[in-house]
Amino acid sequence: MRRVRPNTSVLLFTLLVAGCASEPAAPTKQADKILSGEQMLRDSQGIAQLGSRWQEGKQMVERGQVMQREGQIKIDEGRNLVEEGQKIMRESEEGYKNIKQ
């Protein structure tokens, strides 16, 4: 018994014809509606509020960075004072030990 093997090109052609014969796709609705002036105004006000909020955040970041720099300077000054004070204390203790001997 002989098996029938469908020819690939015939099969593709059949599918193409069937696709063309089917009902056309429904037209898509207009996705972009025309904006009204009021909608544009609301949108622009919202964007302006976002911009103002962003600017406020930026200023806070800048002030915080200045404070951190100033704080680091204070920390460094404090470390220097501690080191210098400890040095003076060690020298004084050694001087005291020398006097006691």
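Whatever comes next refers back to the structure up there.
One structure accompanies this document, and this report is about it. All residue numbers refer to positions counted from 1 along the written sequence of the respective chain. With pLDDT at 70 or above as the cut-off, local features in this predicted model cover only qualifying residues; side-chain atom pairs require 80 or more to be listed or tallied, and sums for whole chains, interfaces and linings still use all residues. Side-chain descriptors were evaluated using all non-hydrogen atoms of the structure, hydrogens and water having been removed beforehand.

### What to know about the pattern of salt bridges
Opposite charge on two side chains makes pairing possible when the charged atoms of those side chains draw close.
At step 1: Think of a salt bridge as a Lys or Arg side-chain nitrogen and an Asp or Glu carboxyl oxygen that are within 4 Å of each other. Counted under the stated rule, the structure contains 2 salt bridges.
At step 2: Taking the shortest distance from any N to any O, the salt bridge between R53 and E56 comes out at 3.9 Å. With a gap of 3 residues between them, R53 and E56 both fall in helix α2 (residues 37-100), about one helical turn apart.
At step 3: Among the salt bridges present, the one from R79 reaches D76, with a minimum N-O distance of 3.7 Å. On the criterion of helical spacing, the pair formed by R79 and D76 is a turn pair, its members being 3 residues apart in helix α2.
At step 4: Burial status follows relative accessibility: with a 1.4 Å probe on protein chains alone, a residue under 20% of its type maximum counts as buried, one over 50% as exposed, and anything between as partly exposed. Judged by relative accessible area, which is 34%, D76 ranks as partly exposed. Under the DSSP-based scheme used, a helix requires at least four consecutive residues in state H or I and a strand at least two consecutive residues in state E, with every element numbered from the N terminus.

### Concerning a negative patch on the surface
At step 1: Side chains of E83, E84, E91, E93 and E94 sit close together on the surface and give a patch of like negative charge.
At step 2: Following the sequence through the fold, E94 ends up in helix α2. Only residues whose relative accessible area exceeds 30% and that form no salt bridge enter a patch; like-charged residues are grouped when within 9 Å of one another, and nonpolar side chains (Val, Leu, Ile, Met, Phe, Trp, Tyr) when within 5 Å. Note on areas: these come from Shrake-Rupley sampling with a 1.4 Å probe, and a residue is covered only by the protein chains present in the view. Charge assignment: positive for Lys and Arg, negative for Asp and Glu; neither His nor the chain ends contribute. By convention, charge coordinates are those of NZ in Lys, CZ in Arg, CG in Asp, or CD in Glu.

Keep in mind these values describe shape, not function.
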